[in-house]
Amino acid sequence: MHRTAHKREELLIFRKLQKLPFLFMLLILLISSVGFLLLYSAAKGNIDPWASRQMFHFAIGVFAFVIVAIIDIRFWFQFSYFIYLCGLGLLLMTTFAGVEGGLGAQRWLNIGGFQFQPSELAKVCMVMAVARYYQMLHINNIQKITGMIIPAILILFAALLVFKQPNLGTASIMAITGGAMLFMAGVSWKKFALAALVVVIALPVAWNAGVIKNYQKQRVITFLNPEQDPLGSGYNIIQSKIAIGSGGVAGKGFLKGTQSQLSFVPERQTDFIFSILAEEWGFTGGVLLIILYGLLVFTGLRIAVSCESMFGQLLAYGVITVMFVHVFVNMGMVMGILPVVGVPLPLVSYGGSSMVSTLAGLGFVANVWVHRRVKL
Amino acid sequence: MRNPKAQKRFGFGRRALVLGVGKATLLTALAARLYYLQVGESEKYQDMAEGNRVRLYPVLPRRGKIIDRSGQVLATGNVQYRVLFTPERSADDIRVIEKVAELLQWDEGLFMQMQKKALDRSVSPPILLGNAISWEQVAKLEVHAQKLAGVVIDAPEVRYYPYAKHMAHIIGYVGRPSKDEMEDGPLFRHPDFRIGKNGLEGKFDDELQGKAGVRQIEVNARGAFVRELSVDRGTPGADITVTIDADLQRFVIDRLAGQGGLDVEGASAVVMDIQTGDVLSMASVPSYDSNQFVRGIKPDYWKMLMDSSDSPMTNKSIAAQYPPGSTFKPITALAGLELGLITEKTRRYCPGFFKYGGRKFHCWHRPGHGHVDVYGALQHSCNVFFYSMAAELGIDNLAAMARKFGLGTKCGIEMPGEKPGLVPDKAWKRAMLDKPWYNGETLNSSIGQGYLLVTPLQLALMTARLAGGRQVMPRIILPSQASASEMVMLDSGQKVFLPGEEREFSSIEVNPRNLAIVQEGMNRVVNMAGGTMYTNRLEMSDFQMAGKTGTVQVLSNRTFKHTPWKKSERYHALFVGYAPVVNPRYAISVVVEHGGYGALIAGPIGRDIMQEVYDKLGG
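Everything numeric in this text was worked out from a predicted model, so none of it was measured.

1. Observations concerning the overall build of chain A
So, step 1. Secondary structure summary: chain A contains 15 helices and 3 strands in total.
So, step 2. Long-range pairs, those at least 24 residues apart, make up 71% of the contacts in chain A between residues at least 6 apart in sequence.

2. Quick look at the overall build of chain B
So, step 1. The helix and strand inventory of chain B stands at 24 helices and 21 strands.
So, step 2. In chain B, 74% of the contacts between residues at least 6 apart in sequence involve partners at least 24 apart.

3. Details of the pairing of strand β20 (residues 572-579) of chain B
Residue and element names in this part refer to chain B.
So, step 1. Counting buried positions along β20 yields 8 of 8 residues, so the element is predominantly enclosed.
So, step 2. Burial along β20 is two-sided: H572, L574, V576 and Y578 and A573, F575, G577 and A579, pointing in opposite directions, are all buried.
So, step 3. The pairing of strand β19 (residues 546-552) with β20 spans 7 bridges and is classified as antiparallel. Bridging from a neighbouring strand, K548 pairs with V576 of β20.
So, step 4. Where β20 meets strand β21 (residues 586-592), 7 bridges bridge the pair, whose relative direction is antiparallel. If you follow A579 over to β21, its bridge partner there is Y586.
So, step 5. Taken together, β20 and the strand that follows it, β21, pair antiparallel across an intervening segment of 6 residues, in which N583 is found at a positive phi of about 50 degrees.

4. Details of unusual backbone geometry
So, step 1. Of note, the bond from D48(A) into P49(A) is cis; its omega dihedral lies within 30 degrees of zero at 5 degrees.
So, step 2. Inspection of the secondary structure assignment puts P49(A) in the loop between α2 (22-42) and α3 (50-70).
So, step 3. Following V285(B), the chain continues into P286(B) via a peptide bond in cis, with omega recorded as 0 degrees.
So, step 4. With phi around 55 degrees, Q105(B) is a residue other than glycine that occupies positive phi space.
So, step 5. On the secondary structure map, Q105(B) appears in the loop between α3 (92-104) and α4 (108-119).
So, step 6. If you check the backbone angles, D434(B) has positive phi at about 55 degrees while not being a glycine.
So, step 7. Mapped onto the secondary structure, D434(B) falls in the loop between α18 (426-433) and α19 (439-446).
So, step 8. On the basis of neighbour counts, which here come to 7 C-beta atoms within 10 Å, the residue D434(B) falls in the exposed class.

5. A word on the packing of helix α14 (residues 329-338) of chain B against helix α16 (residues 383-393) of chain B
Residue and element names in this part refer to chain B.
So, step 1. At a minimum axis separation of 10 Å, α14 and α16 run at an interaxial angle of 55 degrees. By the angle class used here, α14 and α16 are oblique. Relative to α16, the crossing made by α14 is left-handed. Residues K329, T332, A335 and G336 of α14 pack against F386, M389 and L393 of α16.
So, step 2. Of the residues in the contact of α14 with α16, the class split is 4 nonpolar, 2 polar and 1 charged.

6. Remarks on the packing of α2(A) against α3(A)
Residues and elements named next belong to chain A.
So, step 1. Close contact between α2 and α3 brings their axes to 8 Å; oriented N to C, the two are set at 155 degrees. Between α2 and α3, the crossing angle belongs to the class labelled roughly antiparallel. As for the relative orientation of α2 and α3, their crossing is right-handed in sense. Taking contact as the criterion, the partners of S32, G35, F36, L39, Y40 and A42 in α2 are, on α3, W50, A51, Q54, M55 and F58.

7. Observations regarding the sheet that holds strand β3 (residues 73-79) of chain B
Sheet strands associate in pairs through backbone hydrogen bonding, adopting either a parallel or an antiparallel arrangement.
All names here are of chain B.
So, step 1. In spatial order, the strands read β7-β3-β2-β12; together these 4 strands make up an open sheet with mixed pairing. Unpaired on one side and paired on the other, β7 (157-160) and β12 (240-241) mark the two borders of the sheet.
So, step 2. As defined by bridge partners, strand β2 (residues 66-67) adjoins β3 across 2 bridges and the pair is classed as antiparallel. From the neighbouring strand, I67 faces β3, where its bridge partner is V73.

8. What about the nonpolar core?
Most often, soluble globular proteins have nonpolar side chains that are buried together.
So, step 1. Among the nonpolar cores identified, the biggest contains 120 residues, and L74(B), A269(B), V271(B), M272(B), Y578(B) and I588(B) are the most heavily contacted of them.
So, step 2. In terms of residue count, the dominant contributor to this core is helix α20 (residues 456-468) of chain B (8 residues).
So, step 3. Non-local contacts of Y578(B), meaning those with residues more than four positions away in its chain, are made with I274(B), T463(B), A464(B), A467(B), M545(B), A546(B), G547(B), P584(B), Y586(B), A587(B) and I588(B).
So, step 4. Counting residues in each nonpolar core, the second largest holds 113 residues, with I244(A), Y350(A), L359(A) and F364(A) among its members.

9. Some words on helix α15 (residues 352-370) of chain A
So, step 1. The end-to-end C-alpha distance of α15(A), which contains 19 residues, comes to 26 Å, matching closely the 27 Å that a straight helix rising 1.5 Å per residue would cover.
So, step 2. The element α15(A) is largely enclosed, with a buried count of 18 among its 19 residues.

10. Thoughts on the sheet that holds strand β14 (residues 279-285) of chain B
Residue and element names in this part refer to chain B.
So, step 1. Across the sheet, which stays open at both edges, the 5 strands sit in the order β14-β13-β21-β20-β19 with antiparallel pairing between neighbours. Looking along the sheet, the strands with just one partner apiece sit at the ends: β14 and β19. Strand-to-strand twist across the sheet, computed as the mean angle between neighbouring axes with direction ignored, equals 5 degrees.
So, step 2. The strands touched by α20 within the sheet are β13 (267-273), β20 and β21, with β21 carrying the most contacts at an inclination of about 145 degrees.

11. A short note on the confidence of the model for chain A
So, step 1. In the predicted model, chain A carries a mean pLDDT of 84, and the fraction of residues at 70 or more is 84%.
So, step 2. When mean pLDDT is taken per element in chain A, α2(A) scores highest with 95 and strand β1 (residues 99-100) of chain A scores lowest with 56.

12. Points about the confidence of the model for chain B
Residues and elements named next belong to chain B.
So, step 1. Of all residues in chain B, 87% have pLDDT values of 70 or greater, and the mean over the chain is 84.
So, step 2. Throughout residues 481-501 the model reports pLDDT below 50, and contacts reaching past four residues in sequence, or to other chains, amount to 21 contacts.
So, step 3. Here residues 556-564 is modelled with pLDDT under 50, and outside its nearest four sequence neighbours on either side it reaches 4 contacts, counting other chains as well.
So, step 4. Both scores are available for the predicted complex, with the pTM at 0.59 and the ipTM at 0.88.

13. As for the environment of Y84(A)
Residue and element names in this part refer to chain A.
So, step 1. When you line up the elements, Y84 lands in helix α5 (residues 80-97).
So, step 2. Its 23 C-beta neighbours within 10 Å are what place Y84 among the buried residues.
So, step 3. Excluding residues that lie within four positions of it along the chain, Y84 makes contacts with C125, M126, M128, A129 and L154.

14. With respect to the environment of W50(A)
Residue and element names in this part refer to chain A.
So, step 1. Looking at the element boundaries, W50 is found in helix α3.
So, step 2. Residue W50 is classed as buried on the basis of its C-beta count, with 23 C-beta atoms lying within 10 Å.
So, step 3. Residues W50 and L38, 12 residues apart in the sequence, show an inter-C-alpha distance of 9.6 Å.
So, step 4. Ignoring any residue separated from it by four or fewer positions in sequence, one finds W50 in contact with L39, A42, A43, Q269 and Y350.

15. Some words on helix α6 (residues 164-171) of chain B
Residues and elements named next belong to chain B.
So, step 1. Of all 8 residues that make up α6, 7 are buried, and the element is covered over most of its length.
So, step 2. Of all the residues in α6, the buried ones are A164, H166, M167, A168, H169, I170 and I171.
So, step 3. For α6, the secondary structure elements touched by its buried residues are β2, β3, α8 (199-203), α10 (246-257), β14 and α11 (291-294).
So, step 4. One or two positions beyond α6, positive phi appears at G172, with a value near 75 degrees.

About the criteria used
Residues numbered from 1 in each chain as written. Chains lettered and ligands numbered in written order. Predicted model: local features only at pLDDT ≥ 70, side-chain atom pairs only at ≥ 80, totals over all residues. Helix = DSSP H or I, 4+ residues; strand = E, 2+ residues; numbered from the N terminus. Contact = placed C-beta atoms within 7 Å. Buried ≥ 20, exposed ≤ 12 C-beta atoms within 10 Å, placed from the backbone. Pairing = 2+ DSSP bridges. Axes fitted to C-alpha atoms, helices over the stretch in contact; angles between N-to-C directions. Parallel < 35°, antiparallel > 145°, perpendicular 65-115°, else oblique. Left-handed = near helix turned anticlockwise from the far one by under 90°. Nonpolar A, V, L, I, M, F, W, Y, C, P; charged D, E, K, R; others polar. Core = buried A, V, L, I, M, F, W, Y, C linked by C-beta atoms within 7 Å. Expected span 1.5 Å × (residues − 1). pLDDT = per-residue confidence, 0-100.

Next up, the structure:
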């Protein structure tokens with residue numbers, strides 16, 4: 001009896017591996033490979049220091065992806081709130097015991113010699129908790145304002161902790177994702193219109209009341225008028241636009257980007273990595289990457305819709321939205337249509353925290369696909 | 001009827017579609033933006049990135065000049081040529097250095113030093129090869145430009161003060177930003193960037209600074225200059241006109257510094273226009289050479305300044321506080337007249353001392369002045385006359401009168417570092433020393449001793465108000481039409497007027513008859529035989545001077561009797577005055593630290609300065 005149960009379990013893992021969404025995973029591999037090439041180029045044609053380590057991050061991330069995907073969705077469902085609270089705990093630890101990440105931001109946590117950013121984790125935790133809430137909420141209560149109180153707290157509390165670090169970029173992404181999830185769950189249009197109104201009113205107040213830090217203000221001002229401060233914060237945007245614009249249709253060729261090769265573009269291996277792609281591979285390469293991301297998002301949404309449980313739907317949808325907003329904000333920033341907020345390009349920008357947490361997050365999408373018929 | 005679950009799923013699908021379309025739209029927008037940058041605007045950006053590549057350098061704006069009331073330049077920028085070198089990191093570099101060495105006639109040591117610097121890759125280019133080189137040297141380098149790849153001659157403006165020693169305390173100086181200030185941005189890290197550190201340069205730094213521009217330079221792949229793409233020269237700083245007369249200022253400083261005879265070093269004088277409040281001269285000695293600060297001060301010069309016991313860095317006119325001594329007596333007299341304690345007919349007997357509370361308060365003239373009225377008391381500076389009404393007058397009434405004439409608070413001059421002086425009263429003593437006020441202390445205060453403290457600027461202001469009877473306020477900035485609106489913002493609470501417009505000052509709330517009595521007393525000090533200043537009077541019929549001398553005890557009489565007559569224990573010599581006696585126009589104050597007697601030391605300086613005022617500016 002004991003032996004058969006054990007055997008069934010093993011079989012189940014094997015079956016689950018077979019059921020993984022392979023197209024979805026192929027797209028992830030393709031996008032990540034673009035990243036490896038760009039990091040190779042960013043290091044002036046060297047695999048060190050970035051490309052090699054990024055591949056290592058990728059390997060860890062894929063492992064996390066598979067683990068997350070095959071653990072039973074009922075486990076994740078049961079422990080959603082607990083995981084959410086753990087995420088908040090890590091954020092609080094960062095506030096009190098975090099490592100300065102420059103500009104007075106405390107975003108890093110040092111655990112066992114590894115540094116990572118709990119805010120990366122917090123995004124997924126928030127998505128899980130909101131999804132769990134709506135699974136349990138009766139259909140008739142979705143439209144009610146009382147039904148919105150708890151998810152609003154779940155979203156805003158986590159976003160606020162991240163904002164306090166301070167990390168305006170990630171906090172905004174969490175707020176946007178949370179809003180999109182509420183919409184998906186069925187909250188009425190009118191409430192969104194109301195919320196938009198509140199934001200429009202609150203923004204100038206927050207701006208003037210000192211809630212928004214000076215360096216954050218400076219980024220917005222610089223974004224609105226980069227030429228005003230071409231030697232300071234405007235420098236990144238101007239140089240990035242020069243890199244992208246000079247790439248033209250076909251690009252300057254692999255390893256031939258003058259702007260990025262000559263280190264004109266700062267942070268070229270992390271936040272501004274897209275400018276290397278656009279410069280060396282041109283419009284062709286840039287659009288290709290956008291299409292790859294588009295396909296990844298589309299596949300992810302298909303998985304979300306295919307799921308029969310509300311939890312699964314919202315979980316997959318939330319994770320995909322987080323990633324999509326990252327892509328949009330990062331590319332928008334590099335192309336000069338959004339302010340510089342220090343958001344990495346998922347799967348492409350150099351960085352262990354970002355790579356591993358993105359892959360682990362996408363693991364939940366795969367999990368939803370594997371368990372799409374599981375009743376909760 | 002649909003079951004709720006199906007409806008839930010249906011809703012999800014429809015909303016997923018809406019948001020999916022939204023996402024697709026946003027991705028399309030990114031692609032469109034990419035198209036705009038890489039296809040539409042590509043040529044422009046290719047130009048910018050071409051042959052490589054644009055670098056941005058700050059262009060320092062021309063710093064505003066500081067000009068005196070007659071148009072003489074007090075602070076300006078001097079062009080200095082210098083040689084900069086950006087190594088190409090090739091064998092040519094050494095040949096270039098050798099050529100420069102030959103043209104500039106370097107000795108072996110300098111050549112080795114520069115060569116080392118140029119080849120050291122940890123030194124970020126450009127490297128400074130020569131500073132403040134002559135025009136002939138510039139010409140030589142220009143001729144050989146072909147062989148000097150990477151060498152650039154530039155001509156930064158260096159702040160220059162033509163009247164450095166005479167104006168240092170007023171103008172201040174500019175210097176490199178401190179480490180903290182360098183955090184304020186790349187401009188602050190520019191090696192030629194200077195900020196105002198002291199005086200008007202510090203106070204009006206924002207106005208003088210202007211706004212930096214940007215030069216877009218195209219460089220080749222090795223970072224060497226190719227051509228200038230565009231240049232925004234920024235906005236030059238605003239010029240500032242001061243109320244000072246440079247020639248008068250020079251005379252005053254030289255007169256104060258050239259004390260002859262005594263080893264006097266610390267002294268100060270202020271000349272003020274009674275009608276407008278314009279400070280025509282504000283002198284403090286010893287002074288320092290502000291030009292030394294511009295390029296970074298040499299340690300031994302700095303040490304010399306810091307070690308001097310006469311604090312040359314301090315603007316004594318506004319930042320040093322002295323007891324006013326007998327120059328305060330007009331205020332005591334006026335307070336007594338206003339309260340009706342004395343009239344112009346009141347006479348007191350001076351036997352050389354005054355007994356109060358079992359203590360003897362001495363007059364400076366030990367044999368005594370005999371019977372004196374208020375005129376005589378001022379003319380001869382008789383202490384006893386003032387002692388005799390002090391107790392009845394009370395410190396609070398005396399303090400109120402002193403404040404009416406500008407003592408005890410900052411004058412609000414547009415300069416940093418002004419001290420407020422001190423006018424004591426009962427509440428002050430209770431609050432600061434937690435002790436009651438004793439009437440004996442009022443006796444000391446009535447002759448300008450005790451706790452009373454004034455700055456030389458306050459003394460000049462007091463004199464201007466005594467002479468004009470109006471609440472004149474001092475100023476050192478002449479507002480111009482262009483900068484008038486800015487001036488209002490700068491001086492919190494102080495109204496600023498356009499040129500040509502008469503500054504309006506309300507009358508001081510005292511009986512004009514009483515004020516006239518005090519003015520007559522001050523007239524007799526100078527112009528009636530027996531007055532303390534009679535030997536130093538101005539003998540021009542249309543420009544006579546009134547005034548008051550003062551001698552301030554640094555140590556009490558008892559102590560100094562038994563100690564040698566050392567410089568640090570000698571009296572401070574003071575003089576205040578105004579001229580002409582009728583329709584007064586100019587007020588003056590002179591303080592000579594440890595100078596000795598006011599009538600012997602400060603008085604003659606005051607006379608000479610007033611004579612110069614007459615010669616320079618007319619009656």
